[in-house]
Amino acid sequence: QVQLVESGGGLVQAGGSLRLSCAASGRTFSSYAMGWFRQAPGKEREVVAGISWSGGTTYYADSVKGRFTISRDNAKNTVYLQMNSLKPEDTGVYYCAATGRWGTVRGSYDYWGQGTQVTVSS
């Protein structure tokens, strides 16, 4: 079992940056691959980025490549999402998720945080 708590969301102007954090409870954080997802109003939840348990493998949705960076600090049980050059279409609720496998789709993930709102104004 792992519990996840996101933070760092907020309101930012287009072109700005935000850094999301996801703090995990439990002693086995380093054995989980982690992911960030987002959900805009009226849309399906979609993957944004993923990172393997060691941090050696990462995945990004095409829409965020070159702008977002996922990282993790296993000593702090925390995963991060650095978001630069934000666009209005990045607006949504951002969720942190954990999986004992590896995946880039929602169904691969077993544990979810409560989400943090990111709003990008034009």
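It should be emphasised that the depicted structure is a prediction, and the values quoted were computed from it without experimental measurement. (Residues numbered from 1 in each chain as written. Predicted model: local features only at pLDDT ≥ 70, side-chain atom pairs only at ≥ 80, totals over all residues. Heavy atoms only, no water.)

Our focus in this paragraph is the state of the cysteines. Under the criterion given, the structure shown has one disulfide. Bridging Cys22 to Cys96, the disulfide has an S-S length of 2.1 Å. Its S-S torsion of approximately -80° makes the covalent link between Cys22 and Cys96 left-handed. Of this pair, Cys22 sits in strand β3 (residues 18–24) while Cys96 sits in strand β9 (residues 92–99), placing them 74 residues apart in sequence. Assigned by exposure class, Cys22 and Cys96 land together as buried. (Disulfide = S-S within 2.5 Å. Helix = DSSP H or I, 4+ residues; strand = E, 2+ residues; numbered from the N terminus. Buried < 20%, exposed > 50% of the residue type's maximum accessible area, 1.4 Å probe, protein only.)

Time to look at the layout of surface pockets. Think of a ball as big as a water molecule: rolled over the atoms, this probe shows where empty space is left. For the largest pocket, the calculated volume is near 160 Å³. Broken down by class, the residue content of the lining of the largest pocket amounts to one nonpolar, three polar and seven charged. (1 Å grid on protein atoms, 1.4 Å probe; cavity = no way out; pocket = protein on both sides within 12 Å on 5 of 7 lines; lining within 4 Å. Points joined across faces, edges and corners; volume = space filled by probe spheres on them. Nonpolar A, V, L, I, M, F, W, Y, C, P; charged D, E, K, R; others polar.)

This next bit is on the pairing of strand β4 (residues 33–39). The side chains of a regular strand alternate, residue by residue, between the two faces of the sheet. Judged by how many residues are buried, β4 sits mostly within the fold: six of seven residues are covered. Bridge count between β4 and strand β5 (residues 46–51): five bridges; the pairing is antiparallel. Residue pairing for β5: Gly35 is matched across the bridge by Gly50. Linking β4 back to β5 in an antiparallel pair, the connection comprises six residues, with Gly42 at a positive phi of about 75°. (Pairing = 2+ DSSP bridges.)

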